[in-house]
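# A structural walkthrough
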Amino acid sequence: ETGVTQTPRHLVMGMTNKKSLKCEQHLGHNAMYWYKQSAKKPLELMFVYNFKEQTENNSVPSRFSPECPNSSHLFLHLHTLQPEDSALYLCASSQFGPAGGSITGELFFGEGSRLTVL
Amino acid sequence: GQQVMQIPQYQHVQEGEDFTTYCNSSTTLSNIQWYKQRPGGHPVFLIQLVKSGEVKKQKRLTFQFGEAKKNSSLHITATQTTDVGTYFCAGTAYSGAGSYQLTFGKGTKLSVIP
């Protein structure tokens, strides 16, 4: 139990489907992150939220749409994905966000959502 | 932008041998963190180094932060099969306008042959 919970753990979807990944942190942290992990790029930062505000979007295609309704919850909405988007999607949280004027401190990762796009 | 290079990409060792992974940054770092990801698992924080020349030990693991705060290393003495996994370094650097950027290296995948 890391304090960061991701659902679903596994997801298979077609290219025309719409699905969402959910992340919840129980650590009282102020920043949350989405990372993509694949064989080609082991830990690729996608989005950062600090106090519910998006502070970083790492040139991610619009078919990935993040949502952060509060400091404890983070979603990644998926639509019209491509097979190359198949990967492990990791959510993480930290005490502070990188845009908060403070060093982030350690990241706590969830167990990830393994996505397969057919 | 900030780049963090980690070598080697893969390392196969006989159980009982030592192992070292190296991390080099293109910019001076505020701190460096190390994470371990077991096969099928998620990255787990190991340690953070902040001071120039800092050395920290955790049992058989020794972590070093370079004097110039641009490089770091993780050394494992007498590897065991439980050490198998991918080790990532992550460096934090000031990126301007009150922001810090955390950048992960590509990781070193360690295999231990019993």
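This text follows the structure it describes.
### Some details on the interface of chain A and chain B
At the interface, 20 residues of chain A touch 18 residues of chain B. For the pair chain A and chain B, the summed buried area comes to about 1,600 Å², and 61% of that belongs to carbon and sulfur atoms. In this assembly, chain A and chain B are joined by 0 salt bridges. At the junction of chain A and chain B, the tally comes to 3 residue pairs in polar contact (both at pLDDT 80 or more).

### So, the nonpolar core
Core analysis: the largest hydrophobic core is formed by 22 residues, its most contacted members being W34, F64, L76 and L78 of chain A. At the level of elements, β2 (10-13), β3 (18-25), β4 (31-37), β5 (44-50), β7 (64-70), β8 (73-79), β9 (87-94) and β11 (113-117) of chain A are the ones that each hand at least two residues to this core. The next biggest cluster of nonpolar side chains, apart from the first, holds 20 residues, and it includes F63, F65, I76 and A93 of chain B.

### Details of the sheet that holds β3 of chain A
Residues and elements named next belong to chain A. Pairing in this open sheet of 4 strands is antiparallel, and the strands run β1-β3-β8-β7 from one edge to the other. Edge positions in the sheet fall to β1 (4-7) and β7, since each of these pairs with one other strand and no more. Ignoring which end each strand starts from, the neighbouring axes of this sheet average 15 degrees apart.

### A look at unusual backbone geometry
A cis amide bond links T7 of chain A to the next residue, P8 of chain A, at an omega of -10 degrees. Among the structural elements, P8 of chain A can be located in the loop between β1 and β2. Here I7 of chain B and P8 of chain B are connected by a cis peptide whose omega angle stands at -5 degrees. As for its position among the elements, P8 of chain B is in the loop between β1 (4-7) and β2 (10-14). Unusually for a residue other than glycine, K69 of chain B sits at a positive phi of about 55 degrees. By secondary structure assignment, the location of K69 of chain B is in the loop between β7 (61-65) and β8 (71-76). Positive phi values are uncommon outside glycine, yet A78 of chain B reaches one of about 50 degrees. Topologically, A78 of chain B is positioned in the loop between β8 and β9 (85-96). By relative accessible area, A78 of chain B is classed as partly exposed at 31%.

### Some words on the sheet that holds β7 of chain B
Residue and element names in this part refer to chain B. If you walk across this open sheet you meet the 5 strands as β1-β3-β8-β7-β6, and the pairing is antiparallel. The open sheet has two edge strands, β1 and β6 (55-58), and neither has a second partner. Averaged over all pairs of adjacent strands, the angle between their axes in this sheet comes to 15 degrees, without regard to strand direction. Across 4 bridges, the pairing between β6 and β7 is antiparallel. Pairing of K57 across the sheet is with T62, part of β7.

### Some thoughts on the state of the cysteines
Residues and elements named next belong to chain A. Using the criterion set out here, one finds 2 disulfides over all chains in the structure. Covalent S-S linkage joins C23 and C91, the inter-sulfur distance amounting to 1.9 Å. The disulfide joining C23 to C91 has a torsion of about -75 degrees about its S-S bond and is therefore left-handed. Here C23, found in strand β3, pairs with C91, found in strand β9; they are 68 residues apart in sequence, far enough to count as distant. C23 sits in the buried class, given a relative accessible area of 0%. Of the residues examined, C91 reaches a relative accessible area of 0% and is grouped as buried.

### As for the environment of L115 of chain A
Residue and element names in this part refer to chain A. Residue position: L115 is located in strand β11. A residue is classified by how much of its surface remains accessible, and L115, at 1% relative accessible area, is buried. Measuring from C-alpha to C-alpha, the distance between L115 and N50 comes to 25 Å, with 65 residues separating the pair along the chain. Every residue in contact with L115, bar those within four places of it in the chain, is listed here: L11, M13, L78, L81, D85, S86, A87 and Y89.

### Brief notes about the packing of aromatic side chains
Taken as a whole and judged by the stated rule, the model has 11 aromatic pairs over all chains. With a centroid separation of 5.7 Å and 50 degrees between ring planes, the pair formed by Y35 of chain A and F109 of chain A is classed as tilted. Of this pair, Y35 of chain A sits in strand β4 while F109 of chain A sits in strand β10 (residues 108-109), placing them 74 residues apart in sequence. We classify Y35 of chain A as buried; its relative accessible area is 2%. Look at Y35 of chain B and F104 of chain B: their rings are 5.4 Å apart centre to centre, the planes differ by 50 degrees, and that puts the pair in the tilted class. Residue Y35 of chain B is found in strand β4 (residues 31-37), and its partner F104 of chain B is found in strand β10 (residues 99-104); the two are separated by 69 residues along the sequence. In this structure, Y35 of chain B and F104 of chain B share a single accessibility class: buried. Ring pairing ties together the aromatic residues Y33, Y35 and F109 of chain A together with Y35, F45, F88 and F104 of chain B, which thus form one cluster.

The rules behind each value
Residues numbered from 1 in each chain as written. Chains lettered and ligands numbered in written order. Predicted model: local features only at pLDDT ≥ 70, side-chain atom pairs only at ≥ 80, totals over all residues. Heavy atoms only, no water. Contact = heavy atoms within 4.5 Å. Buried area = accessible area lost by both parts, 1.4 Å probe. Salt bridge = Lys/Arg side-chain N within 4 Å of Asp/Glu carboxyl O. Polar contact = N/O pair within 3.5 Å; in protein donor to acceptor, adjacent residues only side chain to side chain. Core = buried A, V, L, I, M, F, W, Y, C linked by side-chain atoms within 4.5 Å. Buried < 20%, exposed > 50% of the residue type's maximum accessible area, 1.4 Å probe, protein only. Helix = DSSP H or I, 4+ residues; strand = E, 2+ residues; numbered from the N terminus. Pairing = 2+ DSSP bridges. Axes fitted to C-alpha atoms, helices over the stretch in contact; angles between N-to-C directions. Disulfide = S-S within 2.5 Å. Phe/Tyr/Trp six-rings, centres within 6.5 Å; stacked < 30°, edge-to-face > 60°.

Remember that the coordinates give geometry; whether it matters functionally is a separate question.
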